[in-house]
Amino acid sequence: MGKRRTDHEWKTLFERYESSQLSQRVFCERHGLSLSTFYAKRQQLTRSETSSLGGFIKAEVIEKTTRLHVTQAPVANMTLFVDNVELSIPQGTPTAYLAELIGALS
């Protein structure tokens, strides 16, 4: 039966493995580890770290989107009759412009 290791010792071994650039098989052979135990313990520690977060994962906001929905009230038009000409002007047209327009049409 192999040596019993703590989770901390396993984590140290996994860090060494990651920095070794060796295959799992070669790393395990060099450290006297069972490949199946190495794989199973790695899976177990990964799952326990994930579950210790309470089911949450770290997220990063990449793009912020804002939507603006504007409903326009129906625009009431004014209708002017000048010398047999009908002119429909949107409500809110500046009075100075209207005076100039009526002067030009007269």
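The structure under discussion appears in the preceding block.
Remember, predicted model here, so these are calculated numbers, not experimental data.

Cut-offs used in this document
For every chain, the first residue of its written sequence is number 1, and the numbers climb from 1 along that sequence. Note on the predicted model: pLDDT of at least 70 is required for a residue's local features to be given, and 80 or more for side-chain atom pairs to be given and counted; whole-chain, interface and lining totals, by contrast, use all residues. Hydrogens are left out, water is left out, and the side-chain values use all remaining heavy atoms of the structure. Put simply, DSSP H or I for four residues or longer makes a helix, DSSP E for two residues or longer makes a strand, and each gets a number counted from the N terminus. Any helix carries an expected span of 1.5 Å times its number of residues minus one. Burial classification: accessible surface area is computed with a 1.4 Å probe over protein chains only, and a residue below 20% of its type maximum counts as buried, one above 50% as exposed, and the rest as partly exposed. An arc is given here, and it is the one of the directions from the helix axis to the C-beta atoms. In this analysis, rings of Phe, Tyr and Trp, with Trp reduced to its six-membered ring, are considered paired at centre separations within 6.5 Å, and the interplanar angle assigns stacked below 30 degrees, edge-to-face beyond 60, and tilted for intermediate values. Charge-over-ring contacts are defined here by two conditions on Lys NZ or Arg CZ: a distance within 6 Å of the ring centre and an angle within 35 degrees of the ring normal. Salt bridges are defined as contacts in which a side-chain nitrogen from Lys or Arg sits within 4 Å of a carboxyl oxygen from Asp or Glu.

K.L.:
How should I be thinking about helix H1 (residues 7-20) in this particular structure?
P.N.:
Quick reminder: α-helices carry 3.6 residues per turn. Residues three or four places apart thus point the same way. Over its 14 residues, H1 runs 20 Å from end to end, which matches the ideal 20 Å to within 8%, given 1.5 Å per residue. For H1, the set of buried residues is Trp10, Leu13, Phe14 and Tyr17. One side of H1 carries all its buried residues, which in axial view fall inside an arc of 100°. Turned more than 90 degrees off the buried face of H1, the exposed positions are His8, Glu15 and Ser19. At the C-terminal side of H1, glutamine 21 shows a positive phi close to 60°.

K.L.:
Would you take a moment to explain the packing of aromatic side chains for this structure?
P.N.:
The geometry of two aromatic rings is summed up by the distance between their centres and the angle between their planes. Evaluation of the coordinates by the stated rule reveals five aromatic pairs. Pairing tyrosine 17 with phenylalanine 27 gives two aromatic rings, centres 5.6 Å apart and planes at 70°, and the pair type is edge-to-face. Linking tyrosine 17 in helix H1 with phenylalanine 27 in helix H2 (residues 24-31), this pair joins segments that are ten residues apart in sequence. The exposure class of phenylalanine 27 is buried, given its relative accessible area of 1%. Summarising the aromatic geometry, the rings of phenylalanine 27 and phenylalanine 38 are spaced 5.8 Å apart at their centres and angled 50° between planes, so their arrangement reads as tilted. Within this pair, whereas phenylalanine 27 is found in helix H2, its partner phenylalanine 38 is found in helix H3 (residues 35-51), the two being separated by eleven residues in sequence. Residue phenylalanine 27 shares its accessibility class with phenylalanine 38, and that shared class is buried. Linked through ring pairs, Trp10, Phe14, Tyr17, Phe27 and Phe38 together constitute an aromatic cluster. In this arrangement the basic side chain of arginine 5 is found over the ring face of tryptophan 10, its NZ or CZ atom lying 5.5 Å from the centre.

K.L.:
Whenever I open this one, the pattern of salt bridges confuses me. Can you help?
P.N.:
Evaluation of the coordinates by the stated rule reveals two salt bridges. Between lysine 41 and aspartate 7 there is a salt bridge, with the nearest N and O atoms lying 3.0 Å from each other. Of this pair, lysine 41 sits in helix H3 while aspartate 7 sits in helix H1; the two residues are 34 residues apart in sequence, bridging distant segments of the chain. In this structure lysine 41 comes out as buried when scored by relative accessible area, which is 15%. Among the ionic pairs, glutamate 18 bridges to arginine 42, the shortest N-O distance being 2.1 Å. With a gap of 24 residues between them, glutamate 18 in helix H1 and arginine 42 in helix H3 connect regions that are remote in the sequence. For arginine 42, a relative accessible area of 24% corresponds to the partly exposed category.

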